[in-house]
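What the coordinates show
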Amino acid sequence: MEAIGKQVALPLRRAATIAVRGIRIRLGRSLVTVSGVVLGIAFLMSNLTAQIIKTAVSAEQAQRQTVDLMMSLVSAETGEVTGRALAVAVFGEISDDERAFVARMLRARPASFRALGLELAGLTPATASTLGAGASLLMILGNAPSASAALSDLTAGMTGKVVLDTVAERRFDGGPAADVRRELFFGKQAEARQAELASVARSERFRITWIVVVSLLVTVVTVANALLMSVTERFREIGTMKCLGALSKFIRRLFLIESALIGLAGSLLGVLTGALLTMTIYGFTYRFSLVFFSIHYGWMLLAACGAVACGTVMSMAAAIYPARVAARMVPADALRSTV
Amino acid sequence: MEQLFRGENEAGKLDHVIRAVDVRKVYRMGDSETHALAGVSLDVRRGEYLSIMGPSGSGKSTFFNMIGGLDKPTAGKVYIDQVDIAQLDPYELAWLRCRKVGYIFQSFNLIQVMSCIENVTLPMAFAGMDSETAREKALDILERVGLADRALHKPAEMSGGQQQRVAIARSLANSPDILLADEPTGNLDLKTGEEIINLFTKLREELGLTVITATHDLKMLKRSDRVVWIEDGLITRVSSPEEMNIEIAEIGGE
């Protein structure tokens, strides 16, 4: 009598080979299962892409709005910019919005545009004492809370002593000058509007998250159902394999590998469809150049990797129950079935 | 009953490859119980060719699954090579199915997605054999069943008789001691069925296998050493094919 040994588990690679072949042969139904994953992941990816595009485009739009607002204040003070003599002083770091504003001013072709602390084509460099000469408006930009010049020096020689400042709390050497009218670009109203926009965006994001989660759950159920059907279809095959010495572990592995591959293929396709479709749609709504140049591609890559991982894991989670059903089958029952 | 055994070894010792002792199987469906087997005892000797006969629903298939280690009895014991299969854990059971017993089915049960040779190498892979050795051994076995030239064909491309030959080759993959065949000629025409029976006889003589078949095929019954009749979950008769011949002649003569 020979001692009974313990059956060894088949290496993962062998199981994978068998699983891949199974998918290839049952390509038709595998594709149906894959398309379930494609739909779910495409929806997820489309929402992620939309979010990324909106963030990028809204930054662009917010800048345009800010510049528009600044321009309207300037023209309220001096009328048409074209043909005017203007001056700009920068203390501290200049923001992108402010730089875009200066560029817009330059495009409006003022007669002269002297600048202190900012070098840009079209601007005439000046010192604190020569800056104001003949100008009708002085703009003070930059984020420094205290300016290293006196307001009276800066405004010396101006036709109308009007100053527009971006920072309300900015202090000047020698304190405020009595004959200078200092106005602010941004008041309290602007801040309140921004807060309201942010809250709307938050509730919108919550709603979208909810819809995406539900759609992913639907995908999981679809894949689980398809795999359960596939198990029923293969009752005899599973039973035969068990008769030939397959361990339950091997059968479970077979289905998990199959679902992982289905999940991977489905998610890759889904990510591609979702991203391209959304980019095209937003391209039509805004401008293609705006969409493609403003997108943060690092985030896109991150979103794509996340979506693929999510799809694969989801698909494998969906396979847990069907794989258990298959693995627990008693070979005698499996062979008796005529399904 | 002793005189029914043929090929008894010289020492006169009984070497039982399978022993079933008072095996019972009860299926529960809700409140009702079905006694598929109501206490069956049978010893199968090494190298024996045993046929099991019985009408459908007699418990024949259930008994067949029991002695093949595919199902566990509700009560009683089944020993395969003196090992009580009820005591085995799933790993040992898989090991036993893989190496001790070769299964052959009425509907062949080849894995449709695999080629002929892949079907034969599959149990070898389960047994942990490396693929190169397995391939050589599979070709050798296919040669033995006369299908060496069909190694790369898919089951769907072959006739029933050829498919059953592949199934037989597969059952021999890990050189089992016991061959269990459930109506192996049931889905085949007369001539092909006879070829399969010849193959069984040849393999049994060459490899010293113990062959157990469930069958209605008269030609198979004639070749066997013993015929066991199962009715209503019990063994009603154990006879030699010679005795059967007489009966069949009697029935034919009426």
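For the structure itself, look to the data block above.
Basis of the calculations
- Residues numbered from 1 in each chain as written.
- Chains lettered and ligands numbered in written order.
- Predicted model: local features only at pLDDT ≥ 70, side-chain atom pairs only at ≥ 80, totals over all residues.
- Heavy atoms only, no water.
- Helix = DSSP H or I, 4+ residues; strand = E, 2+ residues; numbered from the N terminus.
- Buried < 20%, exposed > 50% of the residue type's maximum accessible area, 1.4 Å probe, protein only.
- Contact = heavy atoms within 4.5 Å.
- Areas by Shrake-Rupley, 256 points an atom, 1.4 Å probe, with all protein chains shown as cover.
- Lys, Arg positive; Asp, Glu negative; His and termini not counted.
- Charge placed at Lys NZ, Arg CZ, Asp CG, Glu CD.
- Buried area = accessible area lost by both parts, 1.4 Å probe.
- Salt bridge = Lys/Arg side-chain N within 4 Å of Asp/Glu carboxyl O.
- Polar contact = N/O pair within 3.5 Å; in protein donor to acceptor, adjacent residues only side chain to side chain.
- Phe/Tyr/Trp six-rings, centres within 6.5 Å; stacked < 30°, edge-to-face > 60°.
- Lys NZ or Arg CZ within 6 Å of the ring centre and 35° of its normal.
- Axes fitted to C-alpha atoms, helices over the stretch in contact; angles between N-to-C directions.
- Parallel < 35°, antiparallel > 145°, perpendicular 65-115°, else oblique.
- Left-handed = near helix turned anticlockwise from the far one by under 90°.
- Nonpolar A, V, L, I, M, F, W, Y, C, P; charged D, E, K, R; others polar.
- Pairing = 2+ DSSP bridges.
- Core = buried A, V, L, I, M, F, W, Y, C linked by side-chain atoms within 4.5 Å.
- Disulfide = S-S within 2.5 Å.

A few words on the overall build of chain B. Scanning chain B for helices and strands turns up eight helices and ten strands. Dimensions of chain B, computed from the C-alpha atoms along their principal axes, are close to 50 × 50 × 50 Å. Here chain B holds 254 residues, and 54% of them are scored as buried. Long-range pairs, those at least 24 residues apart, make up 69% of the contacts in chain B with a sequence separation of at least 6. As displayed, chain B offers around 11,100 Å² of accessible surface, 49% of which is attributable to carbon and sulfur atoms. Across chain B, the mean location of the 29 positive side-chain charges is 2 Å away from that of the 39 negative side-chain charges.

Counting residues at the interface gives 31 residues for chain A and 36 residues for chain B. Summed over both sides, the interface between chain A and chain B buries roughly 3,100 Å², with carbon and sulfur atoms accounting for 64% of that surface. If you sort the residues of chain A by the area they bury against chain B, I4(A), Q7(A) and L244(A) come out on top, with a joint share of 23%. Counting across the interface, chain A meets chain B through two salt bridges. At the surface where chain A touches chain B, the tally comes to five residue pairs in polar contact (both at pLDDT 80 or more). When contributions to the side of chain A that touches chain B are tallied by element, the ones reaching two or more residues are helix 1 (12-25), helix 6 (235-243), helix 7 (248-285) and helix 10 (331-336) of chain A. It is helix 6 of chain A that contributes the most residues to the side of chain A that touches chain B, six residues altogether.

For any two aromatic rings, the description comes down to two numbers: the centre-to-centre distance and the angle of the planes. Taken as a whole and assessed by the stated rule, the structure comprises five aromatic pairs over all chains. Ring geometry for F284(A) and F288(A): centres 5.2 Å apart, planes at 75°, overall edge-to-face. Exposure remark for F284(A): the relative accessible area of 64% places this residue in the exposed category. Every member of this aromatic cluster is reached through a ring pair, and the members are F284(A), F288(A) and F292(A). The lysine or arginine in question, R237(B), covers the ring of W229(B), its NZ or CZ lying 4.7 Å from the ring centre.

So, on to helix 1 (residues 60-67) of chain B. Helical geometry: 3.6 residues make up each α-helical turn, so side chains three or four residues apart lie on a common side. Residue and element names in this part refer to chain B. With respect to burial, helix 1 is a largely interior element, seven of its eight residues being buried. Residues of helix 1 that are buried include every one of K60, T62, F63, F64, N65, M66 and I67, and no others. Trailing helix 1 by a residue or two, G69 shows a phi angle of about 75°, which is positive.

Describing two packed helices takes the angle between their axes plus the distance from one axis to the other. Residue and element names in this part refer to chain B. Where helix 3 (residues 116-126) contacts helix 5 (residues 160-171), the axes come no closer than 8 Å and their chain directions differ by 25°. If you check the angle between helix 3 and helix 5, you find them roughly parallel. Like other packed secondary-structure pairs, helix 3 and helix 5 cross with a definite hand, here right-handed. In contact with C116, N119, V120 and P123 of helix 3, helix 5 contributes V166, A169 and R170. Among the residues making up the contact of helix 3 with helix 5, the classes are represented as five nonpolar, one polar and one charged.

Residue and element names in this part refer to chain A. Locating G266 in the fold gives a position in helix 7. Each C-alpha atom, one on G266 and one on G36, is 7.7 Å from the other, the two residues being 230 residues apart in sequence. Not counting residues within four places of it along the chain, the set of residues in contact with G266 comprises V34, V37 and V38.

Right, let's get into the side chain of T166(A). All names here are of chain A. Along the chain, the position of T166 falls in the loop between strand 6 (162-165) and strand 7 (171-173). Of note is the side chain of T166, whose polar atom sits 3.2 Å from the side chain of E98. Setting aside residues no more than four positions away along its own chain, T166 makes contact with M70, E98, I140, L141, G142, F185 and F186.

Attention now goes to the pairing of strand 4 (residues 137-141) of chain A. All names here are of chain A. The element strand 4 is largely enclosed, with a buried count of five among its five residues. Burial along strand 4 is two-sided: the residues L137, M139 and L141 and L138 and I140 are all buried. Relative to strand 4, strand 1 (residues 85-90) runs parallel, the two sharing five bridges. Paired with V90 across the two strands is L141, which belongs to strand 4. Two elements, strand 4 and strand 6, share three bridges in a ladder whose sense is parallel. Counterpart to M139 in the pairing with strand 6 is L164.

Once that is clear, we can look at the sheet that holds strand 5 (residues 83-84) of chain B. Taken together, four strands build an open sheet; the order of strands is 2-1-4-5 (chain B) and the sheet is antiparallel. Looking at strand neighbours, the two that pair on one side only are strand 2 (32-45) and strand 5 of chain B, the edges of this open sheet.

This paragraph deals with the packing of helix 2 (residues 27-78) of chain A against helix 7 of chain A. Residue and element names in this part refer to chain A. Contact pair helix 2 / helix 7: the axes reach a minimum separation of 6 Å and the direction vectors enclose 40°. The angle between the axes of helix 2 and helix 7 places the two elements in the oblique class. Classified by chirality, the crossing of helix 7 by helix 2 is right-handed. Here the residues of the contact of helix 2 with helix 7 sort into 15 nonpolar, ten polar and one charged.

Attention now goes to the nonpolar core. Counting residues in hydrophobic clusters, the biggest one holds 36 residues, and the most contacted among them are I52(B), F63(B), I178(B), L180(B) and I212(B). Contacts of I52(B), omitting those with residues within four sequence positions, involve K60(B), F63(B), F64(B), I67(B), I212(B), T213(B), A214(B), T215(B), V228(B) and I230(B).

Residues and elements named next belong to chain B. Spatially, six strands are ordered 6-7-8-3-9-10 in an open sheet, and the strand pairing comes out mixed. The open sheet terminates on both sides in strands that have one partner only, identified here as strand 6 (101-104) and strand 10 (234-239). Adjacent strand axes in the sheet meet at a mean angle of 20°, parallel and antiparallel pairs treated alike. Here five bridges tie strand 7 (residues 178-182) to strand 8 (residues 210-214), and the two strands are oriented parallel to one another.

The subject of this paragraph is the state of the cysteines. What the rule picks out here adds up to zero disulfides over all chains. Counting only cysteine sulfurs, C98(B) is the nearest neighbor of C243(A), a cysteine outside any disulfide, at a range of 11 Å. Take C243(A): its relative accessible area is 0%, and that puts it in the buried class.

Glancing now at the pattern of salt bridges. Applying the stated criterion across every chain yields a total of 28 salt bridges over all chains. The residue R29(A) makes a salt bridge to E233(A) at a minimum N-O spacing of 3.0 Å. Linking R29(A) in helix 2 with E233(A) in helix 5 (residues 188-233), this pair joins segments that are 204 residues apart in sequence. As a salt-bridge pair, K25(B) and D71(B) come within 3.5 Å of each other at their nearest N and O atoms.

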